[in-house]
There are 2 protein chains.
Amino acid sequence: MSIEVIFGKVLRNIREDKKFSQEQLAHLSELDRTYISLLERGKRRPTINTLFALCKPLGLKPSEFLGEIEKELY
Amino acid sequence: MSIEVIFGKVLRNIREDKKFSQEQLAHLSELDRTYISLLERGKRRPTINTLFALCKPLGLKPSEFLGEIEKELY
DNA sequence: CATTTTCGAAGACTATAGTCCGTAGACTAT
DNA sequence: ATAGTCTACGGACTATAGTCTTCGAAAATG
């Protein structure tokens, strides 16, 4: 499975754990609502800056986020 | 200091540790040589896919790479 | 010294990240 | 039913990631 699809699954899992809607996360990370949707469906490849922006309101380190992706990546 | 500038410093440090030229790293990661140069000078914000591509020949996990950035960021 | 390797930088380009507008469907509650 | 919330998805954008070519200037290397 591709990196961006795994990224989307991880993002959705974490967001739902934190009880955020896509729109709430979009506002908190200063990104667009429709873009969060695209990310979760594996349709975009975020830059590292976007990853950092997402991780801040989710309350975890970007390195931890990537760790979750690495677990799924074989 | 911005994420992309720190990213560039970390990338250069790791690349020089591994005794790679920009051109060698470019070939191994299937990226353009001038783009490696742009990254190291903090002029570009790589996607997570590009980060994974760079980490493979450098022999470290993307999460470890981001860990290095986080050290400098706080 | 002279030669080679390495890198910075610019310009023109293509691909895609990310925004902004909307609509429609599923679900929940009133 | 209907009003509110949430999300998928579309189209049309703008901004920027990433490529390709070239040149010249540092640094090595001998």
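Since the structure is predicted, the reported quantities are computational estimates derived from the model, not experimental observations.

Draft legend 1. Representation of the relation of the copies chain A and chain B in the model. Least-squares fitting of chain A to chain B yields an RMSD of 0.3 Å, with the transformation described by 0.0 Å of translation along the axis and a rotation of 180°. In the structure described here, the two chain copies are related by an operation that fits a two-fold rotation axis. Scanning chain A for the C-alpha nearest the rotation axis identifies A:Thr47, at a separation of 1.9 Å. Interface overlap between copies is the fraction of interface residues in one copy that are interface residues in the other; for chain A against chain B it reaches 100%, indicating a shared surface.

Draft legend 2. Local environment of the protein's contact with DNA strand D. Close contacts around DNA strand D come from 20 residues, with A:Arg12, A:Gln22, A:Arg41, B:Tyr35 and B:Thr50 the closest. Counting only the atoms of DNA strand D within 4 Å of the protein, the fraction contributed by sugar and phosphate is 68%. Secondary structure elements with two or more residues in the surface near DNA strand D: α1 (3-17) and α3 (33-40) of chain A together with α3 (33-40) of chain B. Split into classes, the residues belonging to the surface near DNA strand D amount to three nonpolar, eight polar and nine charged.

Draft legend 3. Geometry of the protein's contact with DNA strand C. A:Tyr35, A:Thr50, B:Arg12, B:Gln22 and B:Arg41 are the nearest of the 20 residues found near DNA strand C. Near-protein atoms of DNA strand C (within 4 Å) split between backbone and bases, with sugar and phosphate holding 67%. Here a base nitrogen of DNA strand C and a side-chain polar atom of A:Thr34 are 3.3 Å apart. One of the side-chain nitrogen or oxygen atoms of B:Arg12 is found 2.5 Å away from a phosphate oxygen of DNA strand C. Its residues assigned to classes, the surface near DNA strand C shows three nonpolar, eight polar and nine charged.

Draft legend 4. Highlighting the interface of chain A and chain B. Contact residues are listed per partner, giving 18 residues for chain A and 18 residues for chain B. Of the roughly 1,700 Å² buried between chain A and chain B, counting both surfaces, carbon and sulfur atoms make up 74%. The interface formed by chain A and chain B contains zero salt bridges. Between chain A and chain B we count six residue pairs in polar contact (both at pLDDT 80 or more) in total. Considered class by class, the residues forming the side of chain A that touches chain B number 10 nonpolar, four polar and four charged.

Cut-offs applied
Position numbers for residues start from 1 in each chain and track the written sequence from start to end. Naming scheme: in the order in which they are written, chains are lettered from A and ligands are numbered from 1. The predicted nature of this model means local features are confined to residues of pLDDT at least 70 and side-chain atom pairs, given and counted, to a pLDDT of 80 or more, with totals for whole chains, interfaces and linings taken over all residues. The side-chain values count all of the structure's non-hydrogen atoms but skip hydrogen atoms and water molecules. The superposition of copies rests on a least-squares fit of C-alpha positions from residues with pLDDT of 70 or more in both. Should any heavy atoms of two residues lie within 4.5 Å, those residues are counted as being in contact. Put simply, a residue is near a molecule or strand once any heavy atom of it comes within 4 Å of that molecule or strand. Secondary structure elements are defined from DSSP: runs of H or I of at least 4 residues count as helices, runs of E of at least 2 residues count as strands, and each element is numbered from the N terminus. In the scheme used here, Gly and all other residues not listed as nonpolar or charged are polar, with Ala, Val, Leu, Ile, Met, Phe, Trp, Tyr, Cys and Pro taken as nonpolar and Asp, Glu, Lys and Arg as charged. Contacts described as polar in this section are N or O atom pairs within 3.5 Å, which, within protein, must combine one atom able to donate a hydrogen with one able to accept it, while residues neighboring in sequence count only if both atoms come from side chains. We define buried area as the total accessible area lost by two parts upon association, computed with a 1.4 Å probe and summed across both. A side-chain nitrogen of Lys or Arg and a carboxyl oxygen of Asp or Glu constitute a salt bridge if their distance falls within 4 Å.

Purely spatial values, then, with no claim about function.
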